[in-house]
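A look at the structure
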Amino acid sequence: QVQLVESGGGLVQPGGSLRLSCAASGSIFSINAMGWYRQAPGKQRELVATITNGGSTNYADSVKGRFTISRENAKKQVYLQMNSLKPEDTAVYYCNLIANSWRQYWGQGTQVTVSS
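Rules and cut-offs
Residues numbered from 1 in each chain as written. Predicted model: local features only at pLDDT ≥ 70, side-chain atom pairs only at ≥ 80, totals over all residues. Heavy atoms only, no water. Salt bridge = Lys/Arg side-chain N within 4 Å of Asp/Glu carboxyl O. Buried < 20%, exposed > 50% of the residue type's maximum accessible area, 1.4 Å probe, protein only. Helix = DSSP H or I, 4+ residues; strand = E, 2+ residues; numbered from the N terminus. Contact = heavy atoms within 4.5 Å. Disulfide = S-S within 2.5 Å.

1. Focus: the pattern of salt bridges
- Scanning the entire structure with this criterion turns up five salt bridges.
- Note that R38 and E46 form a salt bridge whose closest N and O atoms lie 2.7 Å from each other.
- One salt bridge in this structure joins K64 and D61, with 3.1 Å as the shortest N-O distance.
- Given a relative accessible area of 64%, D61 falls into the exposed group.
- Through salt bridges with shared partners, one network takes in R38, E46, R66 and D89.

2. Considering the environment of Q44
- Here Q44 lies in the loop between β4 (31-39) and β5 (46-52).
- A sequence separation of 19 residues divides Q44 from S25, and the C-alpha atoms of the two residues are 27 Å apart.
- Beyond its immediate chain neighbours, meaning those up to four positions away, Q44 contacts R38 and Q39.

3. Quick word on the state of the cysteines
- Counted according to the given criterion, the structure contains one disulfide.
- Each disulfide pairs two cysteine sulfurs, and for C22 the partner residue is C95, the sulfurs being separated by 2.1 Å. Taking the sign of the torsion about the S-S bond as the criterion, the disulfide between C22 and C95, at about -85°, is left-handed. Linking C22 in strand β3 (residues 18-26) with C95 in strand β9 (residues 91-99), this pair joins segments that are 73 residues apart in sequence.
- Looking at C22, the relative accessible area reads 1%, which means it is buried.
- Judged by its relative accessible area of 0%, C95 is buried.

Below you can see the structure in the form of structure tokens.
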């Protein structure tokens, strides 16, 4: 069984910063990639950023230059540093893990609210 536990969400004013963390545990034999997705009310879940086992990153256009994804392979943790936050960044953020022969796993989500 694989578990993903996110932390770091909360309420922040526009222009502020937050750092999300996700720790993976359980029966993980090989990691292909980790990442973050988000889902705003009434919208589909969308990719925010991903990072492969080799360190290659990919970002949604809407967050490029503001968000940075990083990971600690040994700890099976992934982070999302979010700067210059905007109200449109408000969403539930989900940690994503692709591992064990390209199986996909999800965390329970953490709420990020950007509001004055």
